[in-house]
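# Secondary and tertiary structure notes
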Amino acid sequence: MRYAIIGTGAIGGYYGAKLANGGVEVHFLLHSDYEYVLKNGLQVNSCDGSFHIECPNAYRRTEDMPQCDVVIVALKTTNNHLLPSLLPPLLKPDTIVLLIQNGIGVEASVEMMFPNIQLAAGLAFICSAKTEPGVVNHQCYGNINIGNYSCRDAARYAAMLDDMRNAGIGVANVEYRQARWKKAVWNMPFNGMTVALDTQTDRLLSNPATLNLIREQMMEVIGAANALGVNGLDESFADKMIRNTQVMVPYSPSMKLDHDFHRPMEIEFLYTRPIAEARAVGFAMPRLEMLEAILKFKNFI
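A few points on the structure. (Residues numbered from 1 in each chain as written. Predicted model: local features only at pLDDT ≥ 70, side-chain atom pairs only at ≥ 80, totals over all residues. Heavy atoms only, no water.)

### Here's the deal with the pattern of salt bridges
Applying the stated rule across the entire model yields 20 salt bridges. The closest approach of N and O atoms between Arg61 and Asp64, which form a salt bridge, is 3.0 Å. Classification of Asp64 by relative accessible area gives partly exposed; the value is 45%. Each of Asp69, Lys92, Asp94 and Arg156 takes part in salt bridges that share partners, so that together they form one network. (Salt bridge = Lys/Arg side-chain N within 4 Å of Asp/Glu carboxyl O. Buried < 20%, exposed > 50% of the residue type's maximum accessible area, 1.4 Å probe, protein only.)

Spelled out as structure tokens, the structure:
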């Protein structure tokens, strides 16, 4: 199958390069580092073994790219307003669009732009960063859970999972809503708290006061998910997420990097939407509502 990567950053660059390194045909949309990647290729410095894509299929515009069987969107959700112009040149009637993006409500929002599109959610569990042209630094983890949101073509969906597995990506097919809220259990506390306190994940968990606050925030997310009818989430999952983060390398999540580099933060889908969904069924998230307010303030200073 033929793949397109929209958003060749820390996440799209990593998974796209893994697919290309595994022999899959991949086409990369690039922005600021297009010229660099065209000359020098795409480098992945990885804890699992580094590799280089010598001559990637690199483009400035989707109008110059071929139609694809799978389009992986790894843009920040703050750039989703660009999708109505970016996606159409890549789409066939049976194309699957895999959204590797953070937050709750992302697929519903994209479906409003493209009512008949086949959508899947990609929930990446990875520590990865791209802070220089053409280089992805993969620090740890790397598995991805994929949930079917509106894919009708079961064979193509299965082939996508197989391509990823064959390329050495740990992938699991999971229930969509549970997967989105499971990722929120980690994302909502750690993304916002690293910004609010100007720190990294390890320091948040090494201090008893912030460790307790992180766990309380996680329990708010789990409570919201349960109130919305999402099964399979309880306090043991919060404890697992904390243990997994404690053994990670010190990490600045994507929102922290966005703030540090003076880019807009993904507050809408990471905080505003899930808080509103919970409130609609009578469940309050006071700690995360306060964190949302702090982030909205910081987004404009």
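Moving on from the model shown.
### Some thoughts on the pairing of strand β2 (residues 25-29)
Within β2, four of the five residues are buried, which leaves it mostly tucked inside the rest of the structure. As paired strands, strand β1 (residues 2-6) and β2 are joined by five bridges and run parallel to one another. In the strand pairing of β2, Ile5 is matched with Phe28. In the classification by handedness, the crossover that spans β1, the intervening helix α1 (residues 12-21) and the parallel β2 is right-handed. Pairing of β2 with strand β5 (residues 57-59) involves three bridges; the strand directions are parallel. The partner of Leu29 across the bridge, within β5, is Tyr59. (Helix = DSSP H or I, 4+ residues; strand = E, 2+ residues; numbered from the N terminus. Pairing = 2+ DSSP bridges. Right-handed = clockwise from strand over helix to strand, strands pointing away.)

### Notes on the nonpolar core
Counting 39 residues, the largest nonpolar core has Trp181 and Tyr271 as the members making the most contacts within it. Of all the secondary-structure elements, those providing two or more residues to this core are α6 (176-196), α7 (201-206), α8 (208-227), α9 (235-246), α11 (267-280) and α12 (286-298). Considering each element in turn, this core owes the most residues, eight residues, to α6. Among residues more than four places away in sequence, those in contact with Trp181 are Ile104, Val221, Ala224, Ala225, Leu228, Val230, Leu233, Pro274 and Glu277. In terms of nonpolar packing, the next biggest core, distinct from the first, is built from 36 residues, Val24, Leu42, Ile126 and Ala167 among them. (Core = buried A, V, L, I, M, F, W, Y, C linked by side-chain atoms within 4.5 Å. Contact = heavy atoms within 4.5 Å.)

### Here we look at the environment of Met113
Note on placement: Met113 falls in helix α4 (residues 106-113). Relative accessible area serves as the criterion here: at 30%, Met113 is assigned to the partly exposed category. Apart from the residues lying within four places of it in its own chain, the contact partners of Met113 are Asn80, Leu83 and Pro84.

### Quick word on the packing of α6 against α11
Put simply, α6 and α11 touch, their axes get as near as 11 Å, and they point 125° apart. The orientation of α6 relative to α11 falls into the category oblique. The handedness of the crossing between α6 and α11 comes out as left-handed. Contact residues: Trp181, Asn187, Met188, Asn191 and Gly192 in α6; Leu270, Tyr271, Pro274, Ile275 and Glu277 in α11. (Axes fitted to C-alpha atoms, helices over the stretch in contact; angles between N-to-C directions. Parallel < 35°, antiparallel > 145°, perpendicular 65-115°, else oblique. Left-handed = near helix turned anticlockwise from the far one by under 90°.)

### What about helix α5 (residues 154-166)?
Along its 13 residues, α5 runs 18 Å from first to last C-alpha, staying within 8% of the 18 Å computed at 1.5 Å per residue. Two to three positions downstream of the cap, the backbone nitrogen of Ala155 sits 3.3 Å from a side-chain oxygen, assigning the N-cap of α5 to Asp153. Directly after α5, the chain includes Gly168, whose backbone phi takes a positive value near 90°. (Expected span 1.5 Å × (residues − 1). Polar contact = N/O pair within 3.5 Å; in protein donor to acceptor, adjacent residues only side chain to side chain.)

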